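Survey of secondary and tertiary structure
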Amino acid sequence: MAGILSTQNVKAGYNDVIIIHDVSLEVACGEIVAILGPNGSGKSTFIKCILGFAKLFDGNVLYDGNIITGITSDKAVSMGISYVPQINNVFPNLTISENLDIGAYHRSNKSEIKNSISEIFDMFPELAVKKKNLAGNLSGGERQMLAIARAIMAQPKVLLLDEPFASLSPKPIAVILSKLTSIKQNGIAIMMVEQNVREALSISDRGYVLVNGSCVMSGNSDSLFAEEFSRQKFLGLEEKKFDRNKFRVHNDS
Ligand SMILES: Nc1ncnc2c1ncn2[C@@H]1O[C@H](COP(=O)(O)OP(=O)(O)OP(=O)(O)O)[C@@H](O)[C@H]1O
Ligand SMILES: [Mg+2]
């Protein structure tokens, strides 16, 4: 699979401080890639540097075969890269429908936007029944679903998600896992930062592990459950053994 989005030896950070060191990774259409690692390891910074929210000191970002290094977030959205930040990812004082409208802000064809909203409501019936509710009144899981749905309203080829399961209990996490699997099956590339390692690896195809801003390991998701991971080498898994299949909520197609 050729990557639709990739980075080559990216160095990034804030002001004059380099946080990310020489990170090269990629995600292909119809693939979920997990970016894992402990707190403060630079996962969010890495995602942010793709979109111009963090400073890119060196290296390149490629999208669909073109160098897009230094692109603004607005341009990224219009090119097909949608981003769901770790926090503040919905407008709490707007309704679900209004949040979805905002997700389509760069699109002009009203009937196509209407179709997209009805497709979104088919995929997220949980949101359809509450479409006139304010986003601020939703549960954590519903809010995360809305944030993802809003990002999809931009018709992305790539979805960048920063900790979509943060602070959620197992039930909403399972719901979101199945939604992400459907999104992947629609051919969208998903790059997902997560600290819920097991859940992230249960649906991802491959993973990368960042520690202190460097990629210390990468591989297919099954291999990342290898012995050294169960020994808490990088990821802090609590148990010695973990059956990845237990956490699957979908088929493997
Ligand atoms: N806006 C900022 N300005 C300066 N330093 C920052 C900024 N945001 C993050 N950092 C620093 O960059 C480092 C990496 O932070 P980052 O948020 O990317 O890590 P993370 O892996 O996403 O952590 P978490 O799992 O807690 O979300 C940390 O040392 C953090 O203090
Ligand atoms: Mg983070």
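What counts and how
Residues numbered from 1 in each chain as written. Chains lettered and ligands numbered in written order. Predicted model: local features only at pLDDT ≥ 70, side-chain atom pairs only at ≥ 80, totals over all residues. Helix = DSSP H or I, 4+ residues; strand = E, 2+ residues; numbered from the N terminus. Buried ≥ 20, exposed ≤ 12 C-beta atoms within 10 Å, placed from the backbone. Contact = placed C-beta atoms within 7 Å. Axes fitted to C-alpha atoms, helices over the stretch in contact; angles between N-to-C directions. Left-handed = near helix turned anticlockwise from the far one by under 90°. Nonpolar A, V, L, I, M, F, W, Y, C, P; charged D, E, K, R; others polar. Core = buried A, V, L, I, M, F, W, Y, C linked by C-beta atoms within 7 Å. Pairing = 2+ DSSP bridges. Expected span 1.5 Å × (residues − 1). pLDDT = per-residue confidence, 0-100.

Along its length, the chain carries 9 helices and 10 strands. Here the chain holds 253 residues, and the buried ones make up 42% of them. Considering only contacts within the chain whose residues lie at least 6 apart along the sequence, 68% involve residues at least 24 apart.

Before going further, it helps to examine the packing of helix H3 (residues 96-103) against helix H6 (residues 140-152). Axis angle and axis distance: for two packed helices, these are the angle between their axes and the distance between the axes, and together they describe the pair. Orientation of H3 relative to H6, taken along the N-to-C sense of each, is 35°, at an axis distance of 7 Å. As for how H3 packs across H6, the hand of that crossing is right-handed. Packed against H3, whose contacting residues are Ile 96, Asn 99, Leu 100, Ile 102 and Gly 103, the element H6 presents Leu 146, Ala 149, Arg 150 and Ala 151 at the interface. Taken together, the residues that form the contact of H3 with H6 break down as 6 nonpolar, 2 polar and 1 charged.

The biggest cluster of nonpolar side chains holds 74 residues, and the ones touching the most others in it are Ala 149, Ile 190 and Met 191. Take this core: its biggest share by element is 7 residues, from H6. When residues no more than four places from it in sequence are discounted, the contact partners of Ala 149 are Leu 100, Ile 120, Phe 124 and Leu 127.

Moving on, we come to the sheet that holds strand S8 (residues 189-193). Ordered in space as S6-S7-S8-S3-S9-S10, the 6 strands form an open sheet in which the pairing is mixed. Every interior strand has two partners, whereas the edge strands, strand S6 (81-84) and strand S10 (214-220), have only one. Between one strand and the next, the sheet's axes are offset by a mean angle of 15°, whatever the strand orientation. Looking at chain direction, strand S3 (residues 32-36) and S8 are connected through 4 bridges and run parallel. The residue of S8 that forms the bridge with Val 33 is Met 191.

Before going further, it helps to examine H6. Compared with the 18 Å implied by 1.5 Å per residue over 13 residues, the 19 Å span of H6 between its first and last C-alpha is a close match. Those residues of H6 that fall on the buried side of the exposure criterion are Gly 141, Glu 142, Arg 143, Gln 144, Met 145, Leu 146, Ala 147, Ile 148, Ala 149, Arg 150, Ala 151 and Ile 152. On its buried face, H6 is in contact with S6, H3, helix H4 (110-123), helix H5 (125-128), strand S7 (158-162) and helix H7 (170-185).

Turning our eyes to something else, we now look at helix H1 (residues 43-50). Helical periodicity: at 3.6 residues per turn, an α-helix aligns residues three or four positions apart in one direction. Taking burial as the measure, the 8 residues of H1 include 7 buried ones, the bulk of the element. Restricting attention to buried positions, one finds in H1 the residues Lys 43, Thr 45, Phe 46, Ile 47, Lys 48, Cys 49 and Ile 50. Two residues or fewer past H1, Gly 52 is found with a positive phi of approximately 85°.

A word on the pairing of strand S1 (residues 3-14). It is a general feature of regular strands that their side chains alternate between the two faces of the sheet. Bridge analysis of S1 against strand S2 (residues 17-28) gives 8 bridges, and the strand direction is antiparallel. Along S2, the bridge assignment pairs Ala 12 with Ile 20. With antiparallel pairing between neighbouring strands as the criterion, S1 and S2 make up a hairpin whose turn holds 2 residues, including Asn 15 at a positive phi of roughly 50°. As defined by bridge partners, S1 adjoins strand S4 (residues 55-63) across 7 bridges and the pair is classed as antiparallel.

To continue, consider the sheet that holds S4. Reading across from one edge, S2-S1-S4-S5 is the order of the 4 strands in this open sheet, with antiparallel pairing throughout. Strands at the two margins of the open sheet, each flanked by one partner only, are S2 and strand S5 (66-67). Across the sheet, H1 touches S1, S2 and S4, and the angle it forms with S1 is around 115°.

A separate point is the confidence of the model for the chain. Per-residue pLDDT for the chain has a mean of 89; in total, 88% of the residues score no lower than 70. Considering each helix and strand of the chain separately, the mean pLDDT is smallest for helix H9 (residues 227-230), with a value of 51, and largest for S7, with 98. Under a pLDDT of 50 for its full length, residues 237-253 has, in the predicted model, 24 contacts with residues more than four places off or in other chains.

What follows concerns the environment of Ser 221. On the secondary structure map, Ser 221 appears in the loop between S10 and H9. Ser 221 sits in the buried class, given 20 other C-beta atoms within 10 Å. Put simply, Ser 221 and Ile 32 are 189 residues apart on the chain and 9.9 Å apart in space, counted from C-alpha to C-alpha.

Before going further, it helps to examine unusual backbone geometry. A positive phi is found at Glu 163, a non-glycine position, where the angle reads about 55°. Looking at the secondary structure, you find Glu 163 in the loop between S7 and H7. According to the C-beta neighbour criterion, Glu 163 is buried, with 22 such atoms within 10 Å. One non-glycine residue, Asn 212, adopts positive backbone phi at about 50°.

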